[in-house]
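Now for the letters of each chain:
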Amino acid sequence: MLERLFGVFRSLSPANGLSLTAAATLATLERSGPCRLTWLAAREGVTQPAMTQLIARLEDAGLVERAADAADGRAVQIRITADGRTVLAGRRAVRAERLAGLLDRLSTDERNVLAAALPALDTLAASSTPSR
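Residue numbering note: each chain is counted from 1, following its sequence as written. pLDDT decides what is reported in this predicted model: residues at 70 or higher carry local features, side-chain atom pairs at 80 or more are listed and counted, and totals for whole chains, interfaces and linings draw on all residues regardless. Only hydrogens and water are removed before side-chain values are computed, so all heavy atoms of the structure are retained for them.

*Asks:* Can you explain the overall build of the protein chain? Please cite residues and give values.
*Replies:* Only DSSP runs of H or I reaching four residues or more are called helices, and only runs of E reaching two or more are called strands; each is numbered from the N terminus. Looking only at helices and strands, the protein chain has 6 helices and 3 strands in total. Helices (α) and strands (β) of the protein chain occur, in sequence order from the N terminus, as α-α-β-α-α-β-β-α-α. Each residue gets one of three labels from its accessible area relative to the maximum for its type: buried under 20%, exposed over 50%, partly exposed in between, using a 1.4 Å probe on protein chains only. Taken over 132 residues, the protein chain has a buried fraction of 26%. Throughout, a residue-residue contact means that at least one pair of heavy atoms, one from each residue, lies within 4.5 Å. The contacts in the protein chain between residues at least 6 apart in sequence include a share of 53% that link residues at least 24 apart. Summed over all atoms, the accessible surface of the protein chain reaches about 8,600 Å², with 57% contributed by carbon and sulfur. By the counting rule applied here, Lys and Arg register as positive and Asp and Glu as negative, while His and the ends of each chain are not counted. All charge positions are set by atom: Lys at NZ, Arg at CZ, Asp at CG, Glu at CD. Taking the average place of the 17 positive charges on the side chains of the protein chain and the average place of its 14 negative ones, the gap between the two points comes to 3 Å. Each accessible area is a Shrake-Rupley estimate made with a 1.4 Å probe; only the visible protein chains count as cover when residues are assessed.

Structural data, given as C-alpha cells:
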C-alpha cells in the first residue's frame, strides 16, 4: 500500500524539469537552513558526488547558492535562494490543488481519519531526519 501511496504523491508534482530529488533537496534547505553538502547527501540518501552534481545544476538554475561557513571558513554551506523558494511554492500550490481533487472523492469520515493521522505522520517524518 505504501508504494501505491508514494506513487500517488509522485504523480501530484508538476513536471517542470525538477527531479523529485532536486525538489526534496530544495525543501530540505528551506526547512533546515544553510547546510553542508555532505549533510544534504546523507539526508537525501544519495552519494556525495551525486549531490555535488545536483547542487551544481540547482546553482546554475539560480535555485541555490554557496556561501562560506561562518564557523569554518574552509567549508561551504548551501542555501536556497528566493527563486528556489518561488519554485517550491509553485510546486506546492499545484500539488495542493491536485490533492484537493483527490480528497474530494473521499467521504467526510475518510477525510477525518486522514486528518487525525497527520500529527502522527508528521512525527514519523521528523524522526527520520539526521542531525546536522
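*Asks:* Lay out a nonpolar patch on the surface in plain terms, naming residues and giving numbers.
*Replies:* Note on patches: the residues involved have over 30% relative accessible area and no salt bridge, like charges join within 9 Å, and the nonpolar side chains Val, Leu, Ile, Met, Phe, Trp and Tyr join within 5 Å. In the sections that follow, a salt bridge refers to a side-chain nitrogen of Lys or Arg positioned within 4 Å of a carboxyl oxygen of Asp or Glu. Side chains of Met 1, Leu 2, Leu 5, Phe 6, Val 8 and Phe 9 sit close together on the surface and give an oily, nonpolar patch of about 600 Å² of accessible area. Structurally, the position occupied by Phe 9 is in helix H1 (residues 2-12).

*Asks:* Can you lay out the pattern of salt bridges for me, pointing to particular residues and giving the numbers?
*Replies:* Under the definition given, this model contains 7 salt bridges. The residue Asp 69 makes a salt bridge to Arg 36 at a minimum N-O spacing of 3.1 Å. One end of the pair, Asp 69, is in the loop between strand E2 (64-68) and strand E3 (76-80); the other, Arg 36, is in strand E1 (residues 35-36), and 33 residues separate them in sequence. For Arg 36, a relative accessible area of 33% corresponds to the partly exposed category. The salt bridge partner of Arg 79 is Glu 65, with a shortest N-O separation of 3.9 Å. Taken together, the positions of Arg 79 in strand E3 and Glu 65 in strand E2 put the pair 14 residues apart, joining distant regions of the chain. Overall, Glu 65 belongs to the partly exposed group, its relative accessible area being 34%.

*Asks:* How would you summarise the sheet that holds E1 if you had to cite specific residues and measurements?
*Replies:* Each pair of strands is called paired provided DSSP finds at least two bridges between the two strands. The strand order across the open sheet built from 3 strands is E1-E3-E2, with neighbouring strands paired in antiparallel fashion. Every other strand in the sheet has two partners, leaving E1 and E2 as the edge strands with one partner each. Pairing between E2 and E3: 5 bridges, direction antiparallel. Looking at E3, one finds that Glu 65 is bridged to Arg 79. With axes taken as lines fitted to C-alpha atoms, and helix axes fitted only over the stretch in contact, angles between N-to-C directions fall between 0 and 180 degrees. Where helix H4 (residues 48-60) meets the sheet, its contacts fall on E2 and E3, and the angle it forms with E2 comes to roughly 110°.

*Asks:* Go over the nonpolar core, please, and point to the residues and values.
*Replies:* In these notes, a set of buried Ala, Val, Leu, Ile, Met, Phe, Trp, Tyr and Cys residues joined through side-chain atoms within 4.5 Å is what counts as a nonpolar core. Counting 20 residues, the largest nonpolar core has Leu 26, Leu 40, Ile 55 and Leu 58 as the members making the most contacts within it. Only helix H2 (20-32), helix H3 (37-44), H4 and E3 provide two or more residues apiece to this core. With 5 residues, the top contributor of residues to this core is H2. Beyond its immediate chain neighbours, meaning those up to four positions away, Leu 58 contacts Leu 18, Ala 22, Thr 25, Leu 26, Leu 63 and Val 64.

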